[in-house]
Amino acid sequence: MILALIAIGIVAFAVLSMRRAPLWQWAIAVAVLGALTRFGFDASGLGVHVDVLGWVGALLPGAVLGLLAIPQLRQLVLTAPAYKAVKAILPRVSRTEQEALDAGTIGWDAELFSGRPNWDKLLKIRKPTLTAEEQAFLDGPVNKVCSMIDDWDIRHNRADLSPEVWAYLKEQGFLGMLVGKQHGGLGFSAQAQSQVVSKIASRSVAAGITVMVPNSLGPGELLEKYGTPAQKEKYLNRLAKGLEVPCFALTGPHAGSDAAGMRDVGVVTYEMYGGKKTLGVKLSWDKRYITLAPVATLLGLAFHLHDPEHLLGEQEHIGITLALVPAKYKGVEIGRRHYPARSAFMNGPTRGRNVFIPMDFLIGGVDYAGQGWRMLMECLSTGRAISLPAIGTISIKHALRVTSAYARIRRQFGIPVGIMEGVADPIGRMVKSAYTFEAARALTASMVDEGQKPAVISALLKYRTTDAMRDRINDAMDIHGGRAVQDGPSNYLFAAYANVPVAITVEGANILTRTLITFAQGALRAHPYLYAEIEAAQNKDRKAGVAAFDKAFAGHVSFMLRNIAGSFLHAISYGALASAPVNHVMARWYRQLARYSQSFALVGDWTVVFLGGDLKRKQRLSGRMADILSDLYLLSAVLKRYEDEGHIQEDKPVVDAIAKDCIHAIEQNFGAVFANFPNIVLRNVMRVLVFPLGRHAKPSSDRETYRLVRSVLRPGAFRDRLTTGTYVSMDPKDVTGVLEDALIKVTKAEEVEAKFVRAIKKGIIERRLDRDAITDAVEAGILTEAEAATLRLADQATDRAIKVDDFDPDELSPKQLARGPKVVETAAE
């Protein structure tokens, strides 16, 4: 009887929790269970009317729950005290944090936080597609400008794009891709912008950044969304045609990742302007690291606006405000160039002291004064979803494209280096990263095209993509060895290698994006109830706050109970009971994704509730939770790509390998969270609920990875899909075309090469500089004349591909930047 009652209780708890039953249903279930308990334990045999106290005790919990199901009573005895307690522990949200939270939208990230992802919301996101006009632009002007770019000339001789490239970019509208057609721009989709930036960056990172910045966070997007009709009329067409070059100044000496802590200030006042007394702003700023500033004609500025004389209204501190100022405006100082990682894209400081501007210089006019942070965050949530993921992803794909070719044509110890297991390991990482991050880039751009502003997803994708960019380029450098170290016109890796720190740092340094922003902001914004609870707790109207909190709190308790039951059930069944939207071989990975989404919902919820305001200080825990969330998102993107591309059988092994790696990483990070969680009781309870049978996930095996590598070491559709969007030249005189030419010729000569190598191993012929071994092979009857010609072409192509540059000392020294006079520090510094 005892075991039966326990079993009934467990089943009832699981059913009610998973169904998220209302409180009155819990009351009935508890009352029924209490009655069954009394029947089972009524040992007196005197009838139910005798053991009154026992029955009261059995039915009391159900009765209490029944009373708490009445909203007014629940608010009085439970919610109000909880409201007071929660108000003290929940993290306080500052004005800038509030604006950042309000700026973005939630989508698939909310589904992952919910623990029960709705697969339709993932699979119905539009496939990555381009219009005929966008595709023609990629095939025409983009390929044209790529063919015009000489990255060595840009990096070494000019420290800038060539005048011809600059002119072409402006003439063809590259700097105005996001400007609408009604204003003379291209009006391209986010998907098209991402692919354009990607292809150009595969040729030159500096050129890619130059195109990226005006189409990301900058005056063009701000004017499109918030500009007054007069501002749009004045500037957007000129920006679209390249007649104006924009930059946006946010970062300063004392405001980096904490951009809202800027010291730049504007004071509302009257001054003479155009011969009239004019209401305006007296601006002082000191900005640095501003991309395109040295060549900009239009300067966007962010600053704190103050109104001490209350000329605009009752508020003295208006808040962060944005302005648009011509670069040649009186008092504007564009400083000398920075030289970020010796990259050639334009970047530099700008300053100004007591520069008076009229009110119509404010972006959006007076109506948008004080709303600058919200405006910036809204633009960043979309711009960051397009820009850095494009740069990072294409860098990974470019690294794979050139390394797969080099590893096949480069021979050591008589074999291609790529088939050595030790070399195959990093190539395998490149294969998986190329597929993964292209999937995530395309999916996120599609979200933006659907009108989403994926603030949390753009943050996690930025740090994961650029971190992977760093790792995969390092892998490529390791495999190329001296070929990659020796810089020069024929080096196709060093520029990307040098630019890695730039990608890691800009638009939110990775180290803080991971540990401070992604999970903390995601928990506040994407959690189904936490944000509502915080809003209720901060409501100045206590009565309305308690009522709103009661609704959110009840939902949160229900959510927590379901997470407990769901996590445990999915864990003991290894995800077999989880949902999957497909019935093919990938169904198991959807189930695993659902299982660990449920676990993430449980652990994320408890982490936020227990840590409260301390979450911002527990950054290592927050970083691990961010990694789990990002792995869930990356696996979602990979499965979505496999569906969108029609279940290509050749891609199944790479999808399986990625899924295994993601699940293994998720388990490892959960383990690290539990091992370091500050509360020993909660730590062990979470461990039991998530891993009652232990952790068993294993990463992809050496054999699986090696098979992927062998597939990519030859020309073909698989290699092309993995490196899609990379600029590929077939010109054997081109810096990367020489590799493609060599790979084709070496692959064609494989059978001939095998015969030739066997003869060398048998000692019949010998490779020596003073003899022509191929001629010797013909004379020895090993090769025919035709075979010798094929092998000779492959040998010659290989020699061209592995060749490195050398210089006369005078060729290098004049190109170094001259050291200018010492910069005098400003008072603000």
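Fair warning: this is a prediction, and the values are worked out from it, not measured in the lab.

Rules behind the numbers
- Residues numbered from 1 in each chain as written.
- Predicted model: local features only at pLDDT ≥ 70, side-chain atom pairs only at ≥ 80, totals over all residues.
- Heavy atoms only, no water.
- Helix = DSSP H or I, 4+ residues; strand = E, 2+ residues; numbered from the N terminus.
- Contact = heavy atoms within 4.5 Å.
- Areas by Shrake-Rupley, 256 points an atom, 1.4 Å probe, with all protein chains shown as cover.
- Expected span 1.5 Å × (residues − 1).
- Bend = angle between axes of the 7 residues up to and from the residue.
- Buried < 20%, exposed > 50% of the residue type's maximum accessible area, 1.4 Å probe, protein only.
- Axes fitted to C-alpha atoms, helices over the stretch in contact; angles between N-to-C directions.
- Parallel < 35°, antiparallel > 145°, perpendicular 65-115°, else oblique.
- Nonpolar A, V, L, I, M, F, W, Y, C, P; charged D, E, K, R; others polar.
- Pairing = 2+ DSSP bridges.
- Phe/Tyr/Trp six-rings, centres within 6.5 Å; stacked < 30°, edge-to-face > 60°.
- Lys NZ or Arg CZ within 6 Å of the ring centre and 35° of its normal.
- Left-handed = near helix turned anticlockwise from the far one by under 90°.
- Core = buried A, V, L, I, M, F, W, Y, C linked by side-chain atoms within 4.5 Å.
- pLDDT = per-residue confidence, 0-100.
- Patch = residues over 30% accessible without salt bridge, like charges linked within 9 Å, V, L, I, M, F, W, Y side chains within 5 Å.
- Salt bridge = Lys/Arg side-chain N within 4 Å of Asp/Glu carboxyl O.
- Lys, Arg positive; Asp, Glu negative; His and termini not counted.
- Charge placed at Lys NZ, Arg CZ, Asp CG, Glu CD.

Participant: Would you mind showing me how to read the overall build of the protein chain here?
Facilitator: In terms of regular secondary structure, the protein chain is built from 33 helices and nine strands. In the protein chain, the proportion of contacts linking residues at least 24 apart, taken out of those at least 6 apart, comes to 77%. Carbon and sulfur atoms make up 57% of the accessible area of the protein chain, which amounts to about 35600 Å² in all.

Participant: Quick question: what am I supposed to make of helix α20 (residues 510-526) here?
Facilitator: Residue pairs three or four apart in sequence face the same way in an α-helix, which turns once every 3.6 residues. The end-to-end C-alpha distance of α20, which contains 17 residues, comes to just 21 Å, noticeably less than the 24 Å that a straight helix rising 1.5 Å per residue would cover. The largest bend in α20 is about 35 degrees, located at I517. Of all the 17 residues making up α20, 12 are buried; the element is thus mostly covered by neighbouring parts of the structure. Listing the buried residues of α20 in full gives N510, T513, T515, T518, F519, A520, Q521, G522, A523, L524, R525 and A526.

Participant: Explain the packing of α20 against helix α21 (residues 530-537) to me, please; I cannot follow it from the model alone.
Facilitator: Geometrically, a packed helix pair is captured by the angle between its two axes and the distance between the axes. At a minimum axis separation of 5 Å, α20 and α21 run at an interaxial angle of 80 degrees. The pairing of α20 with α21 is recorded here as roughly perpendicular in orientation. Contacts between α20 and α21 involve A523, L524 and R525 on the former and, on the latter, L530, Y531 and I534. Residue classes in the contact of α20 with α21 are distributed as five nonpolar, no polar and one charged.

Participant: Looking at this structure, how should I read the environment of S387?
Facilitator: Following the sequence through the fold, S387 ends up in helix α15 (residues 372-409). Taking C-alpha positions, S387 is 6.2 Å from M212, a pair spaced 175 residues apart along the chain. In this view, S387 contacts M212, S216 and E507; residues no more than four positions away in its chain are not counted.

Participant: Explain the side chain of T269 here, please?
Facilitator: Relative to the helices and strands, T269 is located in strand β2 (residues 265-273). For T269, a relative accessible area of 16% puts it in the buried group. Residues contacting T269, with those up to four places away along its chain left out, are T278, L279, G280, K282, E309, L311 and F356.

Participant: How should the pairing of strand β7 (residues 347-358) be read in this particular structure?
Facilitator: The side chains of a regular strand alternate between both faces of the sheet. By the criterion of burial, β7 is predominantly enclosed, with 10 of the 12 residues buried. Where strand β3 (residues 276-291) meets β7, nine bridges bridge the pair, whose relative direction is antiparallel. Its bridge partner lying in β7, V281 is registered against I357. The sheet contact formed by strand β6 (residues 333-334) and β7 spans two bridges and is antiparallel.

Participant: I'm lost on helix α19 (residues 494-505) in this one. Help?
Facilitator: Taken as a whole, α19 has its buried residues at A495, A496, N499, V500, V502, A503 and I504. The elements touched by buried residues of α19 are α9 (151-158), α12 (205-212), α15, α17 (455-480) and α20. The first or second residue beyond α19 is E507, which carries a positive phi of 55 degrees.

Participant: Whenever I open this one, unusual backbone geometry confuses me. Can you help?
Facilitator: Leaving glycine aside, a negative phi is the common case for residues, and trans is the common case for peptide bonds. Despite not being glycine, H310 shows a phi value in the positive range, around 55 degrees. Structurally, the position occupied by H310 is in the loop between β4 (298-306) and β5 (317-326). One non-glycine residue with positive phi stands out, namely A341, at about 55 degrees. Relative to the helices and strands, A341 is located in the loop between β6 and β7.

Participant: Got a minute to help me understand the side chain of Q193 in this structure?
Facilitator: Residue placement: Q193 occurs in helix α11 (residues 190-203). By relative accessible area, Q193 is classed as buried at 6%. Here Q193 is in contact with M177, L178, F188, N215 and I386, once residues within four sequence places are set aside.

Participant: How do you make sense of the packing of aromatic side chains when you look at a structure like this?
Facilitator: Two numbers describe a pair of aromatic rings. These are the distance of the centres and the angle of the planes. Enumeration according to the criterion identifies 18 aromatic pairs in this entry. A ring pair is formed by W152 and F807, whose centres lie 5.6 Å apart and whose planes are at 25 degrees; its orientation type is stacked. Here W152 is found in helix α9, whereas its partner F807 is found in the loop between α32 (785-802) and α33 (809-812), with 655 residues between them in sequence. When the centroid spacing of 5.3 Å and the interplanar angle of 15 degrees are considered together, the rings of F549 and F553 count as stacked. Residue F549 and its partner F553 are both found in helix α22 (residues 542-572); the two are separated by four residues, about one turn of the helix. Through a chain of ring-to-ring contacts, the aromatic side chains of F137, Y168, F174 and F188 assemble into a single cluster. The ring of Y270 is capped by K277, whose NZ or CZ atom sits 5.1 Å from the centre of that ring.

Participant: Explain the packing of helix α23 (residues 587-611) against helix α24 (residues 619-644) to me, please; I cannot follow it from the model alone.
Facilitator: Contact geometry of α23 with α24 gives a least axis separation of 11 Å together with a crossing angle of 155 degrees. In terms of axis orientation, α23 runs roughly antiparallel to α24. As for how α23 packs across α24, the hand of that crossing is left-handed. Counted together, W589, Y590, L593, Y596, S597, F600, V603, G604 and L611 of α23 and L621, M625, I628, L629, L632, L635, S636, L639, K640 and E643 of α24 form the full contact between these two elements. Among the residues forming the contact of α23 with α24, the class breakdown is 14 nonpolar, three polar and two charged.

Participant: I'm lost on the nonpolar core in this one. Help?
Facilitator: Nonpolar side chains in soluble globular proteins generally cluster together in the buried interior. Core analysis: the biggest nonpolar cluster contains 176 residues, and F174, I200, I357 and F670 have the highest contact counts within it. At 13 residues, the largest contribution of residues to this core is made by α24. Not counting residues within four places of it along the chain, the set of residues in contact with I200 comprises V142, V145, C146, I149, F174, A207, G208 and V211. Judged by nonpolar contacts, the second largest core, of 27 residues, contains L223, A255, A302 and I320.

Participant: Teacher, can you tell me more about the environment of V402 here?
Facilitator: Looking at where V402 falls in the secondary structure, it is placed in helix α15. Separated by 335 residues in the primary sequence, V402 and G737 place their C-alpha atoms 9.7 Å from one another. Residues within four places of V402 in sequence aside, it is in contact with H480, Y492, L493, T736 and L739.

Participant: When you look at the confidence of the model for the protein chain in this model, what are you seeing that I'm missing?
Facilitator: As a general rule, the predicted coordinates of low-pLDDT regions are not to be interpreted in detail. Of the residues in the protein chain, 88% have a pLDDT of 70 or more, and the chain-wide mean is 88. In this model residues 46-50 is a low-confidence stretch, pLDDT under 50, and it forms three contacts with partners more than four residues away in sequence or in other chains. Segment residues 821-829: pLDDT under 50, and 12 contacts once partners within four positions in sequence are set aside and those in other chains are kept.

Participant: So what exactly am I meant to see when it comes to a negative patch on the surface here?
Facilitator: A contiguous patch of negative charge on the surface is contributed by D806, D808, D810 and E811. In this structure, D808 sits in the loop between α32 and α33. Here D808 falls in the partly exposed class, since its relative accessible area comes to 41%.

Participant: Is there a simple way to explain the pattern of salt bridges in this structure?
Facilitator: Oppositely charged side chains can form a pair if their charged atoms are brought close together. By the definition in use, this model includes 45 salt bridges. When the shortest N-O distance is used, the salt bridge between R155 and D487 registers 2.9 Å. A residue pair is termed long-range when its members are at least 10 positions apart, and R155 in helix α9 and D487 in the loop between α18 (482-485) and α19 qualify at 332 residues. Among the ionic contacts, a cluster of salt bridges with common partners joins R408, R411, R714, E750 and E753.

Participant: How should I be thinking about the pairing of β4 in this particular structure?
Facilitator: Along β4, eight of the nine residues are buried, which leaves the element largely enclosed by surrounding structure. Bridging between strand β1 (residues 246-249) and β4 involves four bridges; their strand directions are parallel. Within β4, the position partnered with C247 by the bridge is L299. Pairing geometry for β2 and β4, over three bridges, is parallel. Each bridged residue has a counterpart across the sheet, and for V267 the counterpart in β4 is H306. Across nine bridges, the pairing between β4 and β5 is antiparallel. Residue pairing across strands places H304 opposite I320, the latter belonging to β5.

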